[in-house]
Amino acid sequence: MTGRTIALTLAVVLVLTVTSCPRLGGKEDRSLLKVQEVGVLQVGLDASYPPFEEIDETTGEIRGFDVDLARELARRLDVEVEIVNSGWDGLYDALEANRFDAAISGLVYDPWQTDRVAYSISYFNVGQVLVVREDRQTIAQVSDLQGRTLGVELGSEGDVQGHVLSKRLRDLTLRSYSTPAEVLSAVSQGEVDAGLVDAISARQFIRAGGKVRIVGEPVSDELYVVAVRLEDKALLQAINAALVEMRDDGTLVRLADKWL
Amino acid sequence: MVTARRVKVGIQVLVIVLIMAFGVRPPQPLATLGPQQHVETINPKMGVHTRLTDEVEEWKIKRTLEMVREMGAAWIVEYFPWAYYERDKGAYDWSHPDLVVDHARRQGLTVVARLGYVPEWARPEGSTFSHLDPAHYADFGDFVYAFVDHFRGRVQYIIIWNEPNLGLEWGFQPVNPAEYTALLRIAYARAKEADPQVQVLAGALAPTLAPVGHPEGMNDLDYLQGMYDAGAADYFDVLAAHAYGWKFPVDDPPAADKVNFRRVELLREIMVRNGDGHKPVMITEGGWNDHPRWTKGVRPYQRITYTIGAYELAARDWDWCLAVIPYAFRFPWPARSYQDYFTFVTPEFKPKPIYREVQSYARGERGVEG
């Protein structure tokens, strides 16, 4: 390695270090410090999306998967949590306007928004999943659908993915239903060999005693993420670290099992 | 020798660079008008609102309109902003609208042109795009004349303004049906002066329950009656209506205190009461939205069946309705909001299931319910 190459490599490393470190490279990022100094993580959400966030009619409190997630994140950052109920359409605007520190509201990762907010790693995938009757052993993945009948919700992402599969797999017949619940009922009653529905509907149906099970990997990804302001890199890093911990110690699975 | 070799090497490098620059360049989409096409549909009242105003690339304009035709829609509403084409008073640039109109016609589509959007030179500094003082109504009239004259024989329907019963669309001034009628009178006269055959559409009112005096707008039914009271009947040929279904099914009965698709029947009743029953109505915006979390959204299957039901209703029962043109076919880029869930096709031209189902209906392959 020549001296010039070494110098160039060092320069690149230095630039990457400076730009990725919240405390170097210009203005100090105080996003995490600010939360810790105040002792409160303010989380924005629109409490109209059960079971992720909804208002408990008895107590008037906001509850749900995202609320528990926000509490757990705050606990791991060693601060309290404050939930800020905000309209869905204005969530990103409210985040940018400093109404809260993070938005956790069943937000799907959206590449078109990455010029205005920064996203965490995903904490739940609500993409389309393949569902079969509980006692059915012959279908374990989408490639087993050849020659089968697949139920989908008309107009949904499952419908889109079903049509993609029907072009790839021989003799796959699609049958449309009005709602995911109808698809799942059709699967459980043997009306169709399998169904393609979103993960939330599938888990809720199973939780309610529906005789179906999810098989294989999700057919599509729809990733729920935490959003923070673009410049709040330190806070994002802390949230990501906490989410990784929660993934590794089983907390995310427990939350999903509690609410879905 | 050394010099000759260098020249030879230099020429070889130059040739390689030229090949890299031009020969290896990926082929660019070539958009031509192509052969004359015709819309094949069982329901000639089917249309869809396009959004080509900000679509720069010609091949995307053409592809959009091809897909509209292939879906079975015969009508489009397209927005032609005054400010885009008359940046300086009297200096017109029709290059972009020519592209849109010519490609649409080549696909066999009928263009309904929505006119509005005030240029900066015609409004006070700091005002919004929809602010037009009466002192500049004549300037708008000049634009209408120029547009109709330029597109004579190519565009036969023009809509004067958009949702003037909303403060947002009336320069955040108090809305006023008499003022809109004054604008309409001038626009109508100039349009007919340019082409007596052109059909002038008025109204395009936003369906709203806002009471008289509300800062954000006026109830569309009250506003339409206000237009008639101001003498608007003499200044339009067709009433443009916006028919959004929100959460209600297509056949939900109309009521003055409810915004649903059939609210347009109440507008029609006002026309009849004012002696205008001989004029047709055209639905130039409307439809349903299937955003999973928007408060006025419906399930995807509902959006599909209601939309097809709306086309069918107009064809079967509404002989006074010229066309149903829901909003909107495709955006050039995502709106990043619930608005994206009004579309039939993604910005990348990926058809949504509603596109496939509407196409199937237009081909007679499916009924309203599937």
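Heads up: the structure comes first, above all this text.
For the structure given in this document, a descriptive report is provided here. Model, not experiment: these values are computed from the prediction.

1. With respect to the sheet that holds strand E7 (residues 281-287) of chain B
Residues and elements named next belong to chain B.
- Spatially, 8 strands are ordered E1-E2-E3-E4-E5-E6-E7-E8 in an open sheet, and the strand pairing comes out parallel. A strand with exactly one partner marks an edge of an open sheet, and here the two such strands are strand E1 (47-49) and strand E8 (321-324). For this sheet, the mean inter-axis angle between neighbouring strands, taken without regard to orientation, is 25°.
- Strand direction decides the pairing type here: strand E4 (residues 157-160) and strand E5 (residues 199-205), joined by 3 bridges, are parallel. Counted as the bridge partner of Ile 158 is Val 200 from E5.
- Where helix H6 (residues 177-194) meets the sheet, it contacts E4 and E5, and its direction lies at approximately 160° from that of E5.

2. Thoughts on the interface of chain A and chain B
- With 21 residues of chain A at the contact, the number on the chain B side is 17 residues.
- Summed over both sides, the interface of chain A with chain B buries roughly 1,600 Å², with 55% coming from carbon and sulfur.
- Contact with chain B buries area across many residues of chain A, yet Trp 88, Trp 112 and Leu 154 of chain A alone supply 37% of it, more than any other trio.
- Taken together, chain A and chain B are joined by 4 salt bridges.
- Across the salt bridge formed by Arg 299 of chain B and Glu 153 of chain A, the nearest N and O atoms sit 2.5 Å from each other.
- Connecting chain A to chain B are 8 residue pairs in polar contact (both at pLDDT 80 or more).
- Breaking the side of chain A that touches chain B down by element, the ones donating at least two residues are strand E6 (102-108) and helix H5 (157-168) of chain A.
- Counting residues per element, the side of chain A that touches chain B draws most heavily on H5 of chain A, at 3 residues.
- Grouping the amino acids of the side of chain A that touches chain B by side-chain chemistry returns 6 nonpolar, 8 polar and 7 charged.

Rules of the game
- Residues numbered from 1 in each chain as written.
- Chains lettered and ligands numbered in written order.
- Predicted model: local features only at pLDDT ≥ 70, side-chain atom pairs only at ≥ 80, totals over all residues.
- Heavy atoms only, no water.
- Pairing = 2+ DSSP bridges.
- Helix = DSSP H or I, 4+ residues; strand = E, 2+ residues; numbered from the N terminus.
- Axes fitted to C-alpha atoms, helices over the stretch in contact; angles between N-to-C directions.
- Contact = heavy atoms within 4.5 Å.
- Buried area = accessible area lost by both parts, 1.4 Å probe.
- Salt bridge = Lys/Arg side-chain N within 4 Å of Asp/Glu carboxyl O.
- Polar contact = N/O pair within 3.5 Å; in protein donor to acceptor, adjacent residues only side chain to side chain.
- Nonpolar A, V, L, I, M, F, W, Y, C, P; charged D, E, K, R; others polar.

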